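Remarks on the overall topology
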Amino acid sequence: MINSFFADKTNSLDNLTKLYNRDVIIEYVNSLIGKNIPFSLALVDIDNFKYVNDTFGHIVGDEIIKAVAATLRNTLADNGIVGRFGGDEFIIVLPEIVEYDAVWTSCRTIAASMMNLTIPEQSDLTITVTIGLSRFPENEKSYEKLLETADKALYRGKMKGRGCFIIYLPEKHSKIILKTEKDKALSSMYLHSVVFRNLTEQDLSDGITTLFNFFSSYFMLDHICVQVNNDIFFEKIHELSRIQSFKPIDLTFINRNIISITDIYYLNRTEQLEKLGQSDFEEILTEQGIHSTFYARIICNDKDYGYLRVDSTHQRIWQYTDMDILLTAARTIAMMLYTHDLDFYKL
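Overview of the structure. (Residues numbered from 1 in each chain as written. Predicted model: local features only at pLDDT ≥ 70, side-chain atom pairs only at ≥ 80, totals over all residues. Heavy atoms only, no water.)

1. Describing the environment of Arg269
Filter applied, for reference: Note on conventions: DSSP H or I runs of at least 4 residues are helices, E runs of at least 2 residues are strands, and numbering of each starts at the N terminus. For each residue, the accessible area found with a 1.4 Å probe, counting protein chains only, is set against the maximum for its type, and the residue is called buried under 20%, exposed over 50%, and partly exposed in between. Any pair of residues with heavy atoms lying within 4.5 Å of one another is described as a contacting pair. Any pair of nitrogen or oxygen atoms within 3.5 Å is treated as a polar contact; in protein, a donor-acceptor pairing is required on top of that, and neighbouring residues in sequence qualify only through side-chain atoms on both sides.
Secondary-structure assignment places Arg269 in the loop between strand S8 (264-267) and helix H11 (272-275). Judged by its relative accessible area of 11%, Arg269 is buried. Sequence separation between Arg269 and Leu199 is 70 residues, and the spatial gap between their C-alpha atoms is 31 Å. Those residues within four positions of Arg269 in sequence are excluded, and the remaining contacts are Met115, Thr126, His291, Ser292 and Gln315. In this structure the side chain of Arg269 is engaged in a polar contact, spanning 3.5 Å, whose partner is the backbone oxygen of Met115.

2. Overview of helix H4 (residues 58-76)
Convention followed: By this rule, a helix spans an expected 1.5 Å times one less than how many residues it contains.
For H4, built from 19 residues, the straight-helix expectation of 27 Å at 1.5 Å per residue is met to within 8% by its first-to-last C-alpha distance of 27 Å. Among the residues making up H4, those that are buried are Val60, Gly61, Ile64, Ile65, Ala67, Val68, Ala69, Thr71, Leu72 and Leu76. On the buried face of H4, the contacting elements are strand S1 (39-46), helix H3 (49-56), strand S2 (81-86), strand S3 (89-95), helix H5 (100-113) and strand S4 (129-136). Just downstream of H4 lies Ala77, where phi reads positive at about 50°.

3. Here we look at the sheet that holds strand S7 (residues 231-237)
The criterion, for reference: For two strands to count as paired, DSSP must find a minimum of two bridges between them. Fitted lines through C-alpha atoms serve as axes, helices being fitted only where they are in contact, and the angles separating the N-to-C directions of these axes extend from 0 to 180 degrees.
In spatial order, the strands read S7-S6-S10-S9-S8; together these five strands make up an open sheet with antiparallel pairing. The open sheet is flanked by S7 and S8, the only strands paired with a single partner. The average undirected angle you get between the axes of adjacent strands in this sheet is 15°. Pairing geometry for strand S9 (residues 292-300) and strand S10 (residues 303-312), over nine bridges, is antiparallel. Bridging across to S10, Ser292 finds its partner in Ser312. On the sheet, helix H9 (residues 204-218) packs against strand S6 (223-228), S7 and S10 and is oriented at approximately 45° with respect to S7. In the packing of helix H13 (residues 320-339) onto the sheet, the strands contacted are S6, S8, S9 and S10, and the crossing angle to S9 comes to about 35°.

4. Observations concerning the environment of Ala70
Along the chain, Ala70 falls in helix H4. Judged by its relative accessible area of 25%, Ala70 falls in the partly exposed class. Once the C-alpha coordinates of Ala70 and Ile243 are considered, the two residues, 173 residues apart in sequence, prove to be 37 Å apart.

5. Some remarks on H13
With 20 residues, H13 should cover 28 Å at 1.5 Å per step; its first-to-last C-alpha distance of 28 Å lies within 8% of that length. Of the residues trailing H13, Asp341 is marked for its positive phi of about 50°.

6. Some words on the packing of aromatic side chains
Any pair of aromatic rings gets described here by the distance separating the centres and the angle formed by the planes. Short version of the rule: Here a pair means two rings of Phe, Tyr or Trp (six-membered ring of Trp) with centres within 6.5 Å. Their orientation is stacked below 30 degrees between planes, edge-to-face above 60, and tilted elsewhere.
Considering all chains together, one arrives at 19 aromatic pairs under this definition. When the centroid spacing of 6.3 Å and the interplanar angle of 70° are considered together, the rings of Phe234 and Phe344 count as edge-to-face. Of the two residues, Phe234 sits in strand S7 while Phe344 sits in the segment after H13, which places them 110 residues apart along the sequence. For the pair shown, Phe234 and Phe344 are each scored as buried. Ring geometry for Tyr295 against Tyr307: centres 5.8 Å apart, planes inclined by 85°, an arrangement best described as edge-to-face. Within this pair, whereas Tyr295 is found in strand S9, its partner Tyr307 is found in strand S10, the two being separated by 12 residues in sequence. No difference in accessibility class separates Tyr295 from Tyr307, as the two residues are buried. Members of the aromatic cluster, joined through ring pairs, are Tyr190, Phe214, Phe215, Tyr218 and Phe219.

Written out as structure tokens, the structure reads:
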């Protein structure tokens with residue numbers, strides 16, 4: 001079925017990836033719909049690609065796109081078709097694969113193929129993707145609507161922390177509102193406003209508690225707290241977290257990894273620590289079921305109050321926009337403590 005449709009489409013390939021272009025994939029999807037053949041449609045987005053382009057240049061960016069394209073094509077083989085949707089996004093069609101367990105297995109296979117993906121020019125650069133998938137005819141019955149539902153699932157995956165796949169389920173994802181670039185900018189301003197409003201317009205202790213509850217829900221954080229030495233303050237554990245008990249972490253490990261220019265430390269997945277020769281730190285995090293973590297120093301005028309700490313029980317691809325909000329919170333808390341001559345033991 002796949003081969004017969006694409007037999008005369010060899011002139012419709014994307015120049016960079018040699019995958020079929022978007023128009024051909026849309027034509028293929030509509031042909032399946034016209035014949036009432038069940039299928040799944042997935043959007044695949046390379047995580048943090050803008051950062052890669054800005055940091056390493058477009059040549060490295062192109063190599064990553066080609067590497068992801070080749071991996072997707074080889075992984076799917078004869079079980080599906082992949083095309084370049086545009087930029088750093090790909091579109092996959094899986095004909096006659098619509099049962100949830102079969103779809104889950106296909107997504108898991110695709111995700112697993114990306115686990116050790118590297119490019120020769122930047123062998124230490126971690127490449128991950130987020131996948132959002134919808135099904136015909138279960139979810140929608142037109143290409144446009146299927147694309148929208150897949151996009152909602154993709155958006156949910158990004159909010160969850162990226163590096164994952166989400167299969168669209170109406171009961172979970174139908175109310176998701178997709179955001180434009182303008183909406184994203186407004187969201188950033190809104191989040192900064194939430195930080196300042198909570199921390200400056202009420203008692204600081206109440207403000208931190210309210211803010212951490214908000215962060216836990218908005219960013220779906222398994223664990224957020226303040227850690228000072230071996231003491232934990234203002235701890236909030238998400239009710240859906242697989243772990244409901246977290247312990248203090250030896251801050252020696254954080255201090256030796258802190259990025260001095262920003263006073264933050266983040267880890268997307270604990271497996272990275274072995275490559276860095278920090279198996280001792282990996283063991284400590286693994287014991288608590290922590291797979292990724294973020295720390296922002298709470299410091300003002302060289303007066304160090306401790307760390308704002310966030311933990312995830314699954315791999316989380318930390319976004320600079322999210323870390324910016326958390327760092328803003330840490331610095332604002334420090335400013336309020338400094339201004340009122342307080343510390344966490346006095347709150």
